[in-house]
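Examining the three-dimensional arrangement
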Amino acid sequence: MKNKRVEISELRTVIEQSGNGHLPLSCRVELLQSIGNVEIVNKVFAECCKKVYPLWGNEIEDTLLRKLLCSADEYLYHGKGKADALVEEANRLRNYVEGQSCTESMAGWAVISLCYSIADHAVAMLDIDEYEGEDDGAFEYEVWNTDFFASMAFAGGNPFVDEGDAGKRREFWNWYLDTVETLCCKSDAPLIRIDAPKKKEVEQNTIPQRTQTYQTPAILSKIQEVIDSALMLYDKDYNDKWDKIIISTRCMAVGLRAKNAVIKEGQEHRMKTSLQVFDIMNDIKKEMYNQAKVEGAWFYCFIELNPDLTYSIRFVYDDKSQIPQDHLADSDDFVAEFKKYPRAKEYTPLWWQEILGKKAKYLKNTIIVEQLTIPQRTQTYQTPAIQEKIRQVIENSMKVFNKYCTGNWSKIIVEAHCIGDVRTKGYFIQGNSTTEMPVSLAASDLLSEIKDDMYKQASNEGSWLICKIEFDTQKKFIIEFNYDNKSSLPNDVFDNPERLETEFEDYPRTKEYTPVWWQEILGKKAKYLE
């Protein structure tokens, strides 16, 4: 067996000779298997997560992810907590992580992957099933290891699609080898310190999860108008290749501001903005606010557009860390904003409550107390079997479009309302128009199977009532589930409450996962799961 120091020295040569600075998976597997210590391997992964922690961007959810990373660190170095609890929280935050931009997503995925590795005893490194020396790029992202996620976050992209900085990637992997060497000698104390969220930071996390969504045909159509406008202005002024277009909008009661910027070869350039965008974004804000007024209205929106025309979108409702200091200087702006878009006190952070004073008239919220009492669910669609069924729904829907519809499309939306019976509807979006399309019986059957599969994971949590899948021409999809959010259910459900009674008979749940409004429909004789 090679001396560990010699082995690590040889791996440094591999890094230096690599054109993109990547340390192949086969080298890391051999190195960590030669150590053969589950605890050390997972501590190496934890240090990787802490290394890229500063790259996380969204302070609201970042506090939750930081808390999870701190819990994992405490588990590894001090034996506090349980691995199952880490996995449960990782599953809860997984959907959020998937929705972030590249750097944030990779850093977040590193933490999610770390929790899975802890629970699985680092089997993905120490006992890879049928491994034949493939590199990370040969595998789907769901099975990438923590160290690879962290390397992408640090370097700014995936080496297998020519993303990121090769110099930064070399820097990361050399640091990684230093970390392995150090932990092999002394592994009882963390190398990088990470502090748990402070009380004021945790305060932000007391804001309940919002149900407002931009994922409706009408709003998606308006977002596409904003994107098309930015692309038209860019082509008019530049008409060359670009790496990213960023559309930033500030919508507040005192006025609207919009800024378009383009990233080309690492440099940011200002772009023109259409006056039409102001009205469209204001309409989007109003439509989302009307979905659930108690949740308040966002006042910043950021759209990041990629060259393949996919995009990510982020809204700021009340996260103080995301608000420029010069905007915070005039507290009257926030008084005016609250007057125009009032919200419930539960959705108003302390810093804003202090500005509003004791006479503020908050909206009454009869739903939020009930929502907060529903425990977090552990059910997930992130299993190979369910992922395959989602893929089949997407393939099937594309075939239906080709058979029954004409023209092109940019997005297709498939909704399944499984409440006592199965009702489906589909839409396709092209440009500014949203058009209904049929959904096949095969897709309906697959969605019913997905519902059954997820219910079997944790029947006590109940089953979702509505599932919505939105995908683009590259088959990239977003999926949403509604288990019991009354405000997002169609009115016809309550016109015929027998559907909810049948749903409960078919998919019973424990009382703690049944909201009060549903308990009232079921009556005192309802047979809840124990």
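Higher on the page you've got the structure.
What counts and what doesn't
All residue numbers refer to positions counted from 1 along the written sequence of the respective chain. At least 70 in pLDDT is required for a residue's local features to be given in this predicted model, at least 80 for side-chain atom pairs to be given and counted, and no such filter applies to totals for whole chains, interfaces and linings, which use all residues. To obtain the side-chain values, all non-hydrogen atoms of the structure were included, while hydrogens and water were left out. The way it works is that DSSP assigns letters per residue, a run of H or I at least four long becomes a helix, a run of E at least two long becomes a strand, and they are numbered from the N terminus. Every radius of gyration here is taken over C-alpha atoms, with the globule rule written as 2.2 Å times N^0.38, N being the number of residues. Exposure categories follow from relative accessible area, calculated using a 1.4 Å probe and restricted to protein chains: below 20% of the type maximum is buried, above 50% is exposed, and the middle band is partly exposed. Each accessible area is a Shrake-Rupley result for a 1.4 Å probe, and residues are judged covered by the shown protein chains and nothing else. When charges are counted, neither His nor the chain ends are considered; positive counts come from Lys and Arg and negative counts from Asp and Glu. Working definition for charges: the position is that of NZ of Lys, CZ of Arg, CG of Asp or CD of Glu. We call Phe, Tyr and Trp rings a pair once their centres come within 6.5 Å, taking the six-membered ring for Trp, and we label the pair stacked below 30 degrees between planes, edge-to-face above 60, and tilted otherwise. The rule is short: NZ of Lys or CZ of Arg within 6 Å of the ring centre and within 35 degrees of the ring normal puts a charge over the ring. Each pair of strands is called paired provided DSSP finds at least two bridges between the two strands. In this analysis an axis means a line fitted to C-alpha atoms, helices contributing only their contacting stretch, and an angle means the value between N-to-C directions, from 0 to 180 degrees. Any pair of residues with heavy atoms lying within 4.5 Å of one another is described as a contacting pair. The definition of a polar contact used here is a pair of N or O atoms within 3.5 Å, where within protein one atom must be able to donate a hydrogen and the other to accept one, and adjacent residues in sequence count solely through side-chain atom pairs. Think of a nonpolar core as a cluster: buried Ala, Val, Leu, Ile, Met, Phe, Trp, Tyr and Cys residues, connected wherever their side-chain atoms sit within 4.5 Å. By construction, the arc corresponds to the directions joining the helix axis to the C-beta atoms.

1. So, the overall build of the protein
Within the protein one finds 21 helices and ten strands. The globule rule puts the C-alpha radius of gyration for 530 residues at 24 Å, and the 25 Å found for the protein is close to it. Its C-alpha atoms give the protein principal-axis dimensions of about 75 × 60 × 60 Å. Considering the protein as a whole, with its 530 residues, one finds that 50% of them fall into the buried category. Here the protein has roughly 25,700 Å² of accessible surface; of this, 49% comes from carbon and sulfur atoms. Side chains of the protein carry 66 positive and 85 negative charges; the gap between the two charge centres is 6 Å.

2. A short note on the packing of aromatic side chains
Evaluation of the coordinates by the stated rule reveals 35 aromatic pairs. Judged by centre distance (4.9 Å) and plane angle (20°), the ring pair of tyrosine 234 and tyrosine 238 falls under stacked. Take tyrosine 234: its relative accessible area is 1%, and that puts it in the buried class. Residue tyrosine 238 is classed as partly exposed on the basis of its relative accessible area, which comes to 32%. These aromatic residues form a ring-pair network of at least three members: Phe299, Tyr300, Phe302, Phe334, Phe338, Trp351, Trp352 and Tyr362. The ring of tyrosine 507 has lysine 451 sitting right over it, with the charged end atom 4.6 Å from the ring centre.

3. So, the sheet that holds strand S9 (residues 466–472)
One key point about sheets: their strands pair by backbone hydrogen bonds, in either a parallel or an antiparallel sense. With antiparallel pairing, five strands are arranged side by side in an open sheet as S8-S7-S6-S9-S10. What marks the edges here is a single partner per strand, and that holds for strand S8 (433–437) and strand S10 (477–482). Neighbouring strand axes in the sheet, compared pairwise and without regard to direction, differ in orientation by 20° on average. One ladder, built from seven bridges, connects strand S6 (residues 411–418) with S9; its direction is antiparallel. Within S9, the position partnered with glutamate 415 by the bridge is lysine 468. Lying on the sheet, helix H17 (residues 384–404) is in contact with S6, strand S7 (422–430), S8, S9 and S10; it crosses S9 at an angle near 65°.

4. Describing unusual backbone geometry
In terms of backbone geometry, most residues other than glycine have negative phi values and most peptide bonds are trans. Positive phi, close to 55°, is recorded for alanine 122, a residue that is not glycine. As for its position among the elements, alanine 122 is in the loop between helix H6 (102–119) and helix H7 (123–126). The phi dihedral of aspartate 162 is positive, around 60°, even though this residue is not glycine. If you trace the backbone, aspartate 162 turns up in the loop between helix H8 (146–155) and helix H9 (166–185). Taking relative accessible area as the criterion, aspartate 162 reaches 75% and is therefore assigned exposed.

5. A closer look at the pairing of strand S2 (residues 255–264)
Within a regular beta strand, the side chains point alternately toward one face of the sheet and then the other, so they alternate between its two faces. Pairing analysis gives nine bridges linking strand S1 (residues 244–252) to S2, with the strands arranged antiparallel. Residue pairing in the sheet places arginine 250 in a bridge with arginine 257 of S2. Following S1, the chain reverses through two residues before pairing antiparallel with S2. Where S2 and strand S3 (residues 267–271) come together, five bridges link them in antiparallel fashion. Following the sheet pairing, isoleucine 263 is matched in S3 by glutamate 268. The turn linking S2 back onto S3 is made up of two residues, and glutamate 265 within it adopts a positive phi angle of 55°.

6. A short note on the side chain of aspartate 484
Structurally, the position occupied by aspartate 484 is in the loop between S10 and helix H19 (491–495). Given a relative accessible area of 12%, aspartate 484 falls into the buried group. Of the polar contacts made by the side chain of aspartate 484, one reaches the side chain of arginine 377; its length is 2.8 Å. Setting aside anything within four residues of it in sequence, one finds aspartate 484 in contact with Ile374, Arg377, Leu465, Arg509, Tyr513, Pro515 and Trp517.

7. Focus on the nonpolar core
Formed by 59 residues in total, the largest nonpolar core has its most connected members in Leu114 and Tyr176. Those elements giving two or more residues to this core turn out to be helix H1 (4–17), helix H2 (25–35), helix H3 (38–52), helix H4 (59–78), helix H5 (83–98), H6, H8 and H9. If near-sequence neighbours (up to four positions away) are discounted, leucine 114 is found in contact with Asn42, Phe45, Ala46, Cys49, Leu69, Ala72, Leu76 and Thr146.

8. With respect to the sheet that holds strand S5 (residues 311–316)
Strand order across the open sheet formed by five strands is S3-S2-S1-S4-S5, with antiparallel pairing between neighbours. The sheet is open, and its two edges are formed by S3 and S5, each paired on a single side. On average, each strand axis in the sheet is inclined to that of its neighbour by 20°, with strand direction left out of account. Here S1 pairs with strand S4 (residues 300–305) via six bridges, running antiparallel. Opposite serine 248, over in S4, you have phenylalanine 302 as the bridge partner. Contacts from helix H12 (residues 275–291) reach S1, S2, S4 and S5, with the element oriented near 65° to S1.

9. So, helix H20 (residues 498–506)
All of the buried residues in H20 are Arg499, Leu500, Glu503 and Phe504. In an axial view of H20, the angular spread of the buried residues amounts to 135°, which keeps them on one side of the axis. For H20, the elements touching its buried residues are S6, S7, helix H18 (441–457), H19 and helix H21 (516–522).

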